Amino acid sequence: MLQEIPISTFREARPCVLETERLTLRRPTLADVKAITRLADDRRIAENTRRLPHPYSSDDAVQFVRALADDSQETAFLIETNQEPIGIVGINWRAPDVPALGYWLGVAHWGRGYGTEAARAAIDYFFEESEQDVLLAYARVSNPASRNILEKCGFQWTGVELHRFEVLGSSAPVDAFRLSRNVWASLKTWASAARRTG
């Protein structure tokens, strides 16, 4: 799901914890392998993420966590609510100039607003800690819930592309989205103003 991030892109390459109203986002560790495996081992998740295999084994989770530990340039967060892991969010760097938001939640946690909350935290982290001006995101056209998350976060639709999905063994159409630093900053300003007047 997530790939290498060039070190020069972020101001600081350091582990951090992000807090939202209901969630904690932190770097996954080997202690999380069992939870990640349990959550990710669902074909419905694999069908909506490009690189998650199905079945998803503990070996897959170990490989994922170790890759993060060995490469401080990659950004991925385990999403927790009440100290219970519920998914992963992070930034995928297919190329240095094309960062993309990626995320998945365990099926039992769909439809509760956690995806939007986690995505917003990762987006804030991205724009606050990097000098990039654009963040991309993608959602399968058959996944309106993910599209809804992206739209609520301010992403603007730019068209349809074909992306390869490991579990499908083929390509599938995805809606492509883009969020600029200017739009993100405007949304943050409007949200702050609404809180002050509310």
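You'll find the structure just up there.
We now turn to the structure provided with this report.

Looking only at helices and strands, one finds 6 helices and 8 strands in the protein chain. Ordering the α and β elements of the protein chain from the N terminus gives β-β-α-α-α-β-β-β-α-β-α-β-β-α. Out of the 198 residues belonging to the protein chain, those deemed buried represent 49%. By sequence separation, contacts in the protein chain at least 24 residues apart represent 68% of the contacts at least 6 residues apart. As presented, the protein chain carries roughly 10100 Å² of accessible surface, and 49% of it is formed by carbon and sulfur atoms.

With respect to the helices, strands and loops of the structure, Ser 186 is situated in helix α6 (residues 181–197). Here Ser 186 falls in the partly exposed class, since its relative accessible area comes to 28%. Each C-alpha atom of the pair Ser 186 and Gly 154 lies 9.7 Å from the other, and the pair is 32 residues apart in sequence.

What follows concerns the packing of aromatic side chains. All told, the structure shown has 3 aromatic pairs when counted by the stated rule. Ring centres of Phe 126 and Phe 127 lie 4.9 Å apart, and the angle between their planes is 75°; on these two criteria the pair is classed as edge-to-face. By the ring-pair criterion, three or more aromatic residues cluster together here, those being Phe 126, Phe 127 and Trp 184.

A few words on the sheet that holds strand β7 (residues 156–165). Backbone hydrogen bonds hold the strands of a sheet together, and the pairing may be parallel or antiparallel. Strand order across the open sheet formed by 8 strands is β1-β2-β3-β4-β5-β6-β8-β7, with mixed pairing between neighbours. Each edge of the open sheet carries a strand with a single partner, namely β1 (18–19) and β7. As defined by bridge partners, strand β5 (residues 99–105) adjoins strand β6 (residues 134–140) across 2 bridges and the pair is classed as parallel. When the sheet's bridge partners are listed, Ala 100 is paired in β6 with Leu 136. Set on the sheet, helix α1 (residues 33–40) makes contact with β3 (75–81), β4 (84–93) and β5; between it and β4 the angle comes to about 85°.

Turning our eyes to something else, we now look at the side chain of Ser 180. When you line up the elements, Ser 180 lands in strand β8 (residues 170–180). Here Ser 180 falls in the buried class, since its relative accessible area comes to 15%. With sequence-adjacent residues up to four places away left out, Ser 180 is seen in contact with Phe 127, Asp 133 and Val 134.

What follows deals with the packing of α1 against helix α3 (residues 58–70). Viewed as axis vectors pointing N to C, α1 and α3 meet at an angle of 120°, and their least axial separation amounts to 8 Å. Considering their axes alone, α1 and α3 lie oblique with respect to each other. When you trace α1 past α3, the crossing you get is right-handed. Along the contact surface, α1 presents Val 33, Ile 36 and Thr 37, while α3 presents Ser 58, Ala 61, Val 62 and Val 65. Taken together, the residues of the contact of α1 with α3 break down into 5 nonpolar, 2 polar and no charged.

Glycine aside, the phi torsion of most residues is negative, and most peptide linkages are trans. Pro 55 follows His 54 through a cis peptide bond whose omega is 0°. Structurally, the position occupied by Pro 55 is in the loop between α2 (43–46) and α3. The backbone of Asn 82 sits at a positive phi, close to 50°, despite the residue not being glycine. For Asn 82, the location among the structural elements is in the loop between β3 and β4. We note that Gln 83 has phi near 65°; this positive angle belongs to a residue other than glycine.

Conventions used here
- Sequence positions are assigned chain by chain, starting from 1 and proceeding in written order.
- For this predicted model, a pLDDT threshold of at least 70 governs which residues receive local features, and a threshold of 80 or more governs which side-chain atom pairs are given and counted, while totals over whole chains, interfaces and linings are taken from all residues.
- Heavy atoms throughout the structure, all of them, feed into the side-chain values; hydrogens and water do not.
- Comment: elements are numbered from the N terminus, with helices defined as DSSP H or I runs of at least four residues and strands as E runs of at least two.
- Whether a residue is buried, partly exposed or exposed follows from its accessible area with a 1.4 Å probe, protein chains only, as a fraction of its type maximum: under 20%, in between, or over 50%, in that order.
- Here a residue-residue contact requires only that any non-hydrogen atoms of the pair lie within 4.5 Å.
- The Shrake-Rupley method, run with a 1.4 Å probe sphere, supplies the accessible areas, and residue values consider only the shown protein chains as cover.
- Centres within 6.5 Å are what make two rings of Phe, Tyr or Trp a pair, Trp counting through its six-membered ring; a difference in plane orientation under 30 degrees is then read as stacked, over 60 as edge-to-face, and the rest as tilted.
- Two strands pair if DSSP finds at least two bridges between them.
- Orientation is described by lines fitted to C-alpha atoms, with helices fitted over the stretch in contact, and by angles between N-to-C directions that extend from 0 to 180 degrees.
- Oblique is the label for every angle not falling under 35 degrees (roughly parallel), over 145 degrees (roughly antiparallel), or within 65 to 115 degrees (roughly perpendicular).
- Crossing chirality is assigned from the near helix's rotation relative to the far helix, an anticlockwise turn below a right angle marking it left-handed and a clockwise turn marking it right-handed.
- Gly is put with the polar residues, along with every residue not named as nonpolar or charged; the nonpolar set is Ala, Val, Leu, Ile, Met, Phe, Trp, Tyr, Cys and Pro, and the charged set is Asp, Glu, Lys and Arg.

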